[in-house]
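# Structure assessment
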Amino acid sequence: MLAFTPPPLPSDDKRWKIVNGTMRKNGFARHALIETLHTVQSAFGYLDDDSIRFVARSLRVPLSQAYGVVTFYHYFSLKPPGKHTITVCAGTACYIKGADKLVATAEKRLGIPQGQTTADGEISLMTARCVGACSRAPVALCDGEVMGEVSSEQMLEQLERWAVE
Amino acid sequence: MTIEELEQIAKSVCQENEKYDYEVNVCMDLACMSQGADRLRDALVKAAEASGKQVLVRRTGCMGPCSSGPLVRVDPEELLYHHVNDGHAEAIVNSLGASPVPDLQCDLNDHFDRQVRVVLENAGHIDPEKIDDYISRDGYKALLTALTEMTPSGVIHRITESGLRGRGGGGYPTGLKWGTVAKAGGDVKYVVCNGDEGDPGAFMDRSVMEGDPHRVLEGMAIAAYAVGASKGFIYVRAEYPVAVARLTTALRDARRRGLLGNSICNTPFNFDVEIRLGAGAFVCGEETALLASIEGRRGAPKTRPPYPAVSGLWGKPTLLNNVETYANIAPIVRNGGKWFANMGSERSKGTKVFALTGKITNTGLVEVPMGIKLREIIEVIGGGVPGGHTLKAVQTGGPSGGCIPAEMLDLGVSYDALMAVGSIMGSGGMIVMDDTSCMVNVAKFFVEFCKTESCGKCIPCRAGTAQMHTLLTRICEGKGTMEDLELLMSLCETIKETSLCGLGMTAPNPVLSTIKYFRNEYIEHIVHKRCPAGVCNINVPVADSKEVLA
């Protein structure tokens, strides 16, 4: 059998080296697919066609299978995130404590449905299945930072702060 | 590393701690962090330095009553302070050696007195990023004892004797599972830890992984010795970045100390663990789906048998247990199976950690002996429902569980008792609902969750959950009929009977249990076009009720 040569990096962007590092650490094994996609998403913020193609070829996984994995798991995103992201937790405890109202408030203020980014690319509105801070429900994450027992007013204040930046 | 060396480390930690007159422990779990616990810790360190007193400020895992956070415990007096912020740091340090800060003291004796801490014994007492802290509290002693003094079958016998059942929800006897994997042939076997805490509203596993990561590793290593595996995987949700970081640190430190790796404790036993990240799929809590995900594939479940114990990861015999199950192993090996079997009820031994959330005064983590009455958990430990509202239901088991009505509070909490009333133990989420929650809407919430999370492999789950959701939406909007309710119930039975995996088989539970115990709420929506809790938005005129009922 011929020795496998991984494809060249898509560009000289240094982030590809990080991606390649994850694959090399796993010996370019097929089972490293999800690990590698995680690395791509944390380096680039999302997964685009080029990156999925590159990872699939490097790991010798059919493109259809790689795309299938990307779309199966909620954590992976095919769209670039906004400059800021507000994530409202939609877990059960948060639902009982009125998280749906928070989502509705944010949707109204930003003029976008959940899962979308404002047209200017500034703010993404996401929901999470559960971030595990249920004892402080309802919870929202502002650029990853957990806000517990958050009210609609507090959330709107945060959105205003981002808007004036 | 030998037992003597382990004791030496424990001794030096104690000597080090004796240099300090006081220990100020700060809870740095997610809930307290969201209220500024990191700023508080920095302020305490600064105040301690300025005071000239010998104070050790320690970061710890979850102390339990999250609703009172940020929490600080001062030792040796064991004073618990609640709702502390960085402005209080100086007052706390000044109070050391004098009288306690009165405004911050909290009385949670009722909350703590009924609890028995086995899994959470270290949480709130050790720095999760310091392996020596764990060793000083008998950490890794069980592993080394097992390796040097016990045979693998001796370990399995002890686990079987303890009566421990899987804490992930199913309640399968742990000793039996270990025995099956041990008996399976082949040189390569795997030990896998399920840290994909998918139940929204539960966070016990997160707290254990973040607050006491070595305990999970020790449990896995003992399991690997017992079943003859040398490689392990921890599958953790990507939504838990702190847990991933803490486990990574713990793995590095355990390898450095020779507690993972080759020839552990100068025995022929080799074992190492890799972390695998989940990517947000509830179905990956199902064992065959989880294994598919570790292999880098879509998390679609497979039919069983063969069970993973016979053919799991890459077709090899695989032992798969939940985080809390592994966390119970070290104390059982240390204290004996009988000690564990003495706790709990007839067929559910030991303790269970619950994440108490929702409309309850003391939210947080509680660990109680199995068999305890639900009433005690809610009214005494949880402090009851706040704001003058009345308790309506307690939900256990998440999207796979059911709603237990307030009238059944005297139920003893065990695997079998919960199953008998149409719910399940689940991984330990316990969500309290009061009169402001609409049970039809709650059922719709869970079904919507299952609909989104269905992997799509089998039709009953893929199409069935979508149809259940349509029917429930219609009822919530006041457009439902009594035929819809009948159809919903028969659909539930079909999905339960014919789905491929646990997700589909249990998805109807929230619907069936709410229809069983809160049928009147469904009738109110259908016949009187009214949501008693005022949650659902109904704009449909009331038809002649006789006509609808006919």
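## Observations concerning the overall build of chain A
What chain A contains, in helices and strands, is seven helices and four strands. Moving toward the C terminus, one meets the helices and strands of chain A in the order α-α-α-α-β-α-α-β-β-β-α. Its C-alpha atoms give chain A principal-axis dimensions of about 65 × 30 × 25 Å. Each of the 165 residues in chain A was classed as buried or not, and the buried ones make up 42%. Here the contacts in chain A between residues at least 6 apart in sequence split such that 58% fall between residues at least 24 apart.

## A short note on the overall build of chain B
Scanning chain B for helices and strands turns up 24 helices and 13 strands. Its C-alpha atoms give chain B a radius of gyration of 25 Å, within 12% of the compact-globule value 24 Å for 550 residues. Dimensions of chain B along its principal axes, counting C-alpha atoms only, are 80 × 65 × 40 Å. When burial is assessed residue by residue, chain B has 55% of its 550 residues classed as buried. Here the analysis covers contacts within chain B between residues at least 6 apart in sequence; of these, 73% occur between residues at least 24 apart.

## Concerning helix 18 (residues 439–453) of chain B
With 15 residues, helix 18 of chain B extends 21 Å from end C-alpha to end C-alpha; this agrees with the ideal 21 Å at 1.5 Å per step. Every buried residue belonging to helix 18 of chain B is among B:Met439, B:Val440, B:Asn441, B:Val442, B:Ala443, B:Lys444, B:Phe445, B:Phe446, B:Val447, B:Phe449, B:Cys450 and B:Glu453, and all of these are buried.

## So, the sheet that holds strand 2 (residues 123–128) of chain A
Residue and element names in this part refer to chain A. On the basis of which strands lie adjacent, the open sheet formed by four strands has the order 2-1-3-4 and mixed pairing. Only two strands of the sheet have a single neighbouring strand rather than two, namely strand 2 and strand 4 (145–147). Neighbour to neighbour, the strand axes of the sheet diverge by 25° on average, direction disregarded. Pairing of strand 1 (residues 84–89) with strand 2, which is carried by six bridges, proceeds in the parallel orientation.

## Comments concerning the domain arrangement of chain A
Here the domain parsing of chain A yields domain 1 (15–72) and domain 2 (84–164). The gap between the C-alpha centroids of domain 1 of chain A and domain 2 of chain A is 29 Å.

## A short note on the interface of chain A and chain B
If you look at the interface, chain A gives 32 residues, while chain B gives 36 residues. For the side of chain A that touches chain B, the secondary-structure elements that each account for two or more residues are helix 2 (33–44), helix 4 (63–72), helix 5 (92–96) and strand 4 of chain A. In terms of residue class, the side of chain A that touches chain B is built from 19 nonpolar, nine polar and four charged.

## A look at the domain arrangement of chain B
In terms of domains, chain B is made up of domain 1 (3–113), domain 2 (138–341), domain 3 (351–434) and domain 4 (439–549). Spacing between the C-alpha centres of domain 1 of chain B and domain 4 of chain B amounts to 48 Å.

## Digging into unusual backbone geometry
In the segment running from B:Gly69 into B:Pro70, the intervening peptide bond is cis, with an omega of -5°. Geometrically, the link from B:Pro305 to B:Pro306 is a cis peptide bond, its omega value of 5° lying close to zero. Assignment of secondary structure puts B:Pro306 in the loop between helix 13 (287–294) and strand 8 (318–322). Positive phi values are uncommon outside glycine, yet A:Asp143 reaches one of about 50°. By secondary structure assignment, the location of A:Asp143 is in the loop between strand 3 (140–142) and strand 4. Look at A:Asp143 and you get exposed, because 12 C-beta atoms sit within 10 Å. Positive phi values are uncommon outside glycine, yet A:Glu149 reaches one of about 45°. Along the chain, A:Glu149 falls in the loop between strand 4 and helix 7 (152–164).

## Describing the sheet that holds strand 10 (residues 364–369) of chain B
All names here are of chain B. Taken together, five strands build an open sheet; the order of strands is 10-9-13-11-12 and the sheet is mixed. Both outer strands of the open sheet, strand 10 and strand 12 (402–405), are each paired with one neighbouring strand and no more. Between one strand and the next, the sheet's axes are offset by a mean angle of 30°, whatever the strand orientation. Here strand 11 (residues 391–396) pairs with strand 12 via four bridges, running antiparallel.

## Some words on helix 3 (residues 49–59) of chain A
Residue and element names in this part refer to chain A. Three or more residues of helix 3 are buried, namely Ser51, Ile52, Phe54, Val55, Ala56, Ser58 and Leu59. Those residues of helix 3 that are buried are in contact with helix 1 (15–25), helix 2 and helix 4. With its phi angle positive at about 55°, Arg60 sits one or two positions after the end of helix 3.

## Some remarks on the environment of A:Ala119
Residues and elements named next belong to chain A. Structurally, Ala119 is set in the loop between helix 6 (99–110) and strand 2. Look at Ala119 and you get exposed, because 8 C-beta atoms sit within 10 Å. Sequence separation between Ala119 and Gly82 is 37 residues; the distance between their C-alpha atoms is 9.3 Å.

## Some remarks on the pairing of strand 11 of chain B
All names here are of chain B. The buried count for strand 11 comes to six of six residues, which makes it a mostly enclosed element. Sheet topology places strand 11 next to strand 13 (residues 429–434); five bridges connect them, and they run antiparallel. Its bridge partner lying in strand 13, Ala393 is registered against Met433. Linking strand 11 back to strand 12 in an antiparallel pair, the connection comprises five residues, with Gly397 at a positive phi of about 80°.

## Observations concerning the pairing of strand 6 (residues 231–236) of chain B
All names here are of chain B. Most of strand 6 is tucked away: five of the six residues are buried. Relative to strand 6, strand 5 (residues 190–195) runs parallel, the two sharing six bridges. Counterpart to Val192 in the pairing with strand 6 is Phe233. Each parallel crossover has a hand, and for strand 6 linked through helix 12 (residues 241–256) to strand 7 (residues 272–277) it is right-handed.

## Thoughts on the environment of B:Glu524
Residues and elements named next belong to chain B. Inspection of the secondary structure puts Glu524 in helix 23 (residues 519–527). Between the alpha carbons of Glu524 and Glu453 there is a distance of 30 Å; along the sequence they are 71 residues apart. Excluding residues within four positions of it along the chain, Glu524 makes contact with Arg530 and Pro532.

Reading the values: rules and limits
- Residues numbered from 1 in each chain as written.
- Chains lettered and ligands numbered in written order.
- Predicted model: local features only at pLDDT ≥ 70, side-chain atom pairs only at ≥ 80, totals over all residues.
- Helix = DSSP H or I, 4+ residues; strand = E, 2+ residues; numbered from the N terminus.
- Buried ≥ 20, exposed ≤ 12 C-beta atoms within 10 Å, placed from the backbone.
- Contact = placed C-beta atoms within 7 Å.
- Rg over C-alpha atoms; globule rule 2.2 N^0.38 Å.
- Expected span 1.5 Å × (residues − 1).
- Pairing = 2+ DSSP bridges.
- Axes fitted to C-alpha atoms, helices over the stretch in contact; angles between N-to-C directions.
- Domains from an automatic or database assignment.
- Nonpolar A, V, L, I, M, F, W, Y, C, P; charged D, E, K, R; others polar.
- Right-handed = clockwise from strand over helix to strand, strands pointing away.

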